[in-house]
2 protein chains.
Amino acid sequence: MLLDDLRRDLPADRLVTDPDVASGYVHDEAEWAPYGKPVVVVRPRTAEEVQTTVRACIAHETPLVTRGAGTGLSGGANAVDGCVVLSTELMTAVKEIDESERLAVVEPGVVNDDLRAACAEHGLWYPPDPASAPWSTIGGNVATNAGGLCCVKYGVTRDYVLGMQVVTGTGELVRLGRRTAKGVAGYDLAGLMVGSEGTLGVVTEVTVKLRPLREPEHTVAGYFSSIVDAGRAVAAVADAGITPSALELVDRHCLAAVDAWKNMGLSVEADVVLLGRTDAPGAAGELEAERMLACFEEGGATWAARSTDQEEADALFSARRLAYPALERLGPLLTEDVCVPKAAVPEMLARIEAAAQRHDITIANIAHAGDGNLHPLLSTPEGDDEARTRAQEAFHDIIRDALELGGTVTGEHGVGLLKRPGLGEELDPEVVAMHHAVKAALDPHGILNPGKVIPD
Amino acid sequence: MLLDDLRRDLPADRLVTDPDVASGYVHDEAEWAPYGKPVVVVRPRTAEEVQTTVRACIAHETPLVTRGAGTGLSGGANAVDGCVVLSTELMTAVKEIDESERLAVVEPGVVNDDLRAACAEHGLWYPPDPASAPWSTIGGNVATNAGGLCCVKYGVTRDYVLGMQVVTGTGELVRLGRRTAKGVAGYDLAGLMVGSEGTLGVVTEVTVKLRPLREPEHTVAGYFSSIVDAGRAVAAVADAGITPSALELVDRHCLAAVDAWKNMGLSVEADVVLLGRTDAPGAAGELEAERMLACFEEGGATWAARSTDQEEADALFSARRLAYPALERLGPLLTEDVCVPKAAVPEMLARIEAAAQRHDITIANIAHAGDGNLHPLLSTPEGDDEARTRAQEAFHDIIRDALELGGTVTGEHGVGLLKRPGLGEELDPEVVAMHHAVKAALDPHGILNPGKVIPD
């Protein structure tokens, strides 16, 4: 029996079999995605314990689903019936921060914000900043290739992963990638692991690249009376050759939800808020902030200003970060994550609005506007199954619209379960076949997070 | 017969069978690597013609070796006996430059500098700048994940490839990756292709990310009387939190060779030259250049100055670019490409010096010092076979030293043939097995550049 083997080979406190406790490990935040019941939750403390777990799964032909903090939004970490759930929550060591090489070596369970804080003590900065940064783990960020606010200028998780230690689908503990600034020694298997959502290996350690801490950012806020005007401002910023360090859009549904929760008074002021930041150093930053302000005004802002007050600026950005939990308070949320060419953002926002009307549901929008990465949030009343069905129809319409406009079904949340059908529409059948071939090559026993990512 | 099929399916001018002409396509610039004799050189004009060629190779179980401009330094494009060589030289269209999305779509045969020039007309910039940029092609750059001078700040080819069109090992013409700023739709197969040296597919089109043109750079030059002093200056730059846009080291052997050719008078002035650049905007750039100058002086420069004269600055950097051809004039060169942690650069340079003495050969050094990426150039007199043997021994010693210091056998030139044994030393056997598995999954007929990259 699998459980007997695990009990023999691992300390007792690593195993959770109590169904009540285990039920906290069965799905991520994509509530609408299905999930099953694991036979056991394993919480290893070392890479060797991860290896032991993987080998037991191979020996007993048992699926293994790895999870970080469970903040995913696509169902990628959802359990399947009879599986082992491997939680990285006890692997939280920041093993090394090397100032001269500008890199950190961390265990997968380290929380994103904790790594950021540890780096700051050394004058260094780990850029990828998903909105889940206070809770989500580096291992989860790597598994989904997480993005965030600053990736419009600094790139996504993939751009910061130098190397990793992985337990492979054959149960080997190996090192992929490198510690050096450059390296082309063989296939980029470390890169292949990033974004593979636990289907090709289990990450036990990550080496990430760091940057020097940056100068304080300048914030520009703009209020707009329509999505279209805000979209025009976003285009103006791109056309002006500005590279903002963040460019976020928050629509009236989100503003109202944040106000209803935190009483910030935002929704009285604007239908759409655009938040821009620049971190160009010194006078160049001052200048870029002024130019961004001019772009906001050019787009038709009803009010726009540079925030001279850091507290005020942080409050505006916290409204952005609060949008998701604020909407969650109002009922079940289905979270979209399409990314379209920047020029197609206004058209995509118009189509989202049309889908909301057509299916008679509420769709709020937060967006990494500077990247064309939109997060329509489909909100339905608690217990209203018909609205749920209509929301799912709207979800698929939005995916189809994004593909029609040259976009992708997932910008940063990953495929998991929710985007599998969409991925099948996005990729050529021959490319799906390549996915199956790579999966079979690296997970020959088919135990690693089966049923996720790759369409049938 | 393969040739009959190709003659039937391709226009006559696409095929080169004349041995004299074909002999220009049988190896890259790694002269010391073995190469064979192809049955035909195919020069397709379209992706469909590439597909036709790949399918013919599959049907006739014939190896296919793809080449760009042949400027590679590892033998990755070297022909094997009886193979088809596919040259991308006629696929030179810059198909699209999109200013608002900041991307370009190009055919693989576009020369790096030509793409750079085309982008500049739109106020945009393609950063990867291998020293071969005037000749090497984007397809070749993608195949080797080429680096260059500015990657110390801006990253390598991999960081700029958004998507591509590829003919797969099964003869399908597919699209991988994306055009959007972000995207995590399935495995990063486009990333996997980058650096795979034609062993996993034939690239027929590349979509690259662009940046806005930058401000003019500030140049700082320093003369040093020893490699160790120069190494100390490099470490000082890193410790000061400076991110230079280039930081290049040229040693006395290179300076002498350049002087002997171009009479620039450099070798009288210095034993080692360090060239730093910064492109921070405005006053921040002025400040960073001053700080870099202070670091050079701290390291013990015998003379150091900011170059106020653009022409003088360009001359210094052209001396860097001329080092390789200048040394080539003096006899056959074996080019190394190790990359070590930055802190290990002085120790690595000392070991290279020791290897030169031990094996009684001349080793010149150019280095992307800011990345720890060193290019020892092992020079031997024309026709001196004993010196050649000694140079090959030194080559392997240097690889072993780099691995001992936590480095990699190839920072940017790729594995090809010359680094296959070294790769076998660098990677865990289990990781080599993963390479074989991925190769077999994506090239099931084993026709794509067989015998390259992966150790047996």
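Residues numbered from 1 in each chain as written. Chains lettered and ligands numbered in written order. Predicted model: local features only at pLDDT ≥ 70, side-chain atom pairs only at ≥ 80, totals over all residues. Heavy atoms only, no water.

*Asks:* Hey, could you run me through the overall build of chain A in this one?
*Replies:* Each helix and strand counted, chain A has 16 helices and 19 strands in total. Rg of the C-alpha trace for chain A: 22 Å, near the compact-globule value of 23 Å for 456 residues, within the 12% margin. When the backbone C-alpha atoms are referred to their principal axes, chain A occupies close to 65 × 55 × 45 Å. In chain A, buried positions account for 62% of the 456 residues. (Helix = DSSP H or I, 4+ residues; strand = E, 2+ residues; numbered from the N terminus. Rg over C-alpha atoms; globule rule 2.2 N^0.38 Å. Buried < 20%, exposed > 50% of the residue type's maximum accessible area, 1.4 Å probe, protein only.)

*Asks:* Where do I start with the environment of A319 of chain B in this structure?
*Replies:* All names here are of chain B. By the element assignment, A319 lies in helix 12 (residues 310-328). Separated by 35 residues in sequence, A319 and A284 place their C-alpha atoms 27 Å apart. Ignoring anything within four residues of it in the chain, the contact list for A319 reads V258, M264 and L266. (Contact = heavy atoms within 4.5 Å.)

*Asks:* Any chance you could explain the interface of chain B and chain A here in plain terms?
*Replies:* Size of an interface: often given as the accessible area lost when the parts come together. Between chain B and chain A, the residue contacts involve 72 residues of the former and 73 residues of the latter. Buried area between chain B and chain A, both sides added, is near 5,500 Å², and the carbon and sulfur share of it is 63%. If you sort the residues of chain B by the area they bury against chain A, K182, V184 and Y187 of chain B come out on top, with a joint share of 17%. Taken together, the links from chain B to chain A amount to six salt bridges. Measuring nitrogen to oxygen at the nearest pair gives 3.8 Å for the salt bridge that ties K182 of chain B to D371 of chain A. Where chain B meets chain A, there are 24 residue pairs in polar contact (both at pLDDT 80 or more). Of all the secondary structure elements, the ones that give two or more residues to the side of chain B that touches chain A are strand 9 (173-177), helix 7 (189-193), helix 8 (227-239), helix 15 (420-426) and helix 16 (429-442) of chain B. Considering every element that reaches the side of chain B that touches chain A, the biggest residue donor is helix 16 of chain B, with nine residues. (Buried area = accessible area lost by both parts, 1.4 Å probe. Salt bridge = Lys/Arg side-chain N within 4 Å of Asp/Glu carboxyl O. Polar contact = N/O pair within 3.5 Å; in protein donor to acceptor, adjacent residues only side chain to side chain.)

*Asks:* Is there a simple way to think about the packing of helix 1 (residues 2-9) of chain B against helix 3 (residues 47-59) of chain B in this case?
*Replies:* When two helices pack together, their arrangement is given by the angle between the helix axes and by the axis-to-axis distance. Residues and elements named next belong to chain B. Packing of helix 1 against helix 3 brings their axes to within 10 Å, and their N-to-C directions diverge by 155 degrees. Relative to helix 3, helix 1 is oriented roughly antiparallel. For the pair helix 1 and helix 3, the crossing hand works out as right-handed. Taking contact as the criterion, the partners of L2, L6 and D9 in helix 1 are, on helix 3, T52, T53, A56 and C57. In the contact of helix 1 with helix 3, the residues fall into four nonpolar, two polar and one charged. (Axes fitted to C-alpha atoms, helices over the stretch in contact; angles between N-to-C directions. Parallel < 35°, antiparallel > 145°, perpendicular 65-115°, else oblique. Left-handed = near helix turned anticlockwise from the far one by under 90°. Nonpolar A, V, L, I, M, F, W, Y, C, P; charged D, E, K, R; others polar.)

*Asks:* Where do I start with the UniProt feature "domain: FAD-binding PCMH-type" (unreviewed entry) in chain A in this structure?
*Replies:* Under the local residue numbering, the UniProt record ascribes the feature "domain: FAD-binding PCMH-type" (unreviewed entry) to residues 34-213 of chain A. The straight-line gap between the two end C-alpha atoms of residues 34-213 of chain A is 41 Å; of that span, 21% is helix and 26% is strand. (UniProt positions renumbered as here; feature names shortened; annotations may be inferred.)

*Asks:* Got a minute to help me understand the relation of the copies chain B and chain A in this structure?
*Replies:* Relative to chain A, chain B is turned by 180 degrees and slid 0.0 Å along the rotation axis, the superposed coordinates differing by an RMSD of 0.0 Å. Within this description, the copies of the chain are treated as partners about a two-fold rotation axis. A shared interface surface links the copies, since 100% of the contact residues of chain B are contact residues in chain A too. (Least-squares fit on C-alpha atoms with pLDDT ≥ 70 in both.)

*Asks:* Is there a simple way to think about the packing of helix 9 (residues 252-262) of chain B against helix 12 of chain B in this case?
*Replies:* All names here are of chain B. One way to put it is that helix 9 packs onto helix 12 with a least axis distance of 8 Å and a crossing angle of 80 degrees. Overall, the two elements helix 9 and helix 12 adopt an arrangement that is roughly perpendicular. Along its contact with helix 9, which presents H253, C254, A257, V258, W261 and K262, the element helix 12 presents A319, L322, A323, P325, A326 and L327. Looking at the contact of helix 9 with helix 12 residue by residue, the classes come out as ten nonpolar, one polar and one charged.

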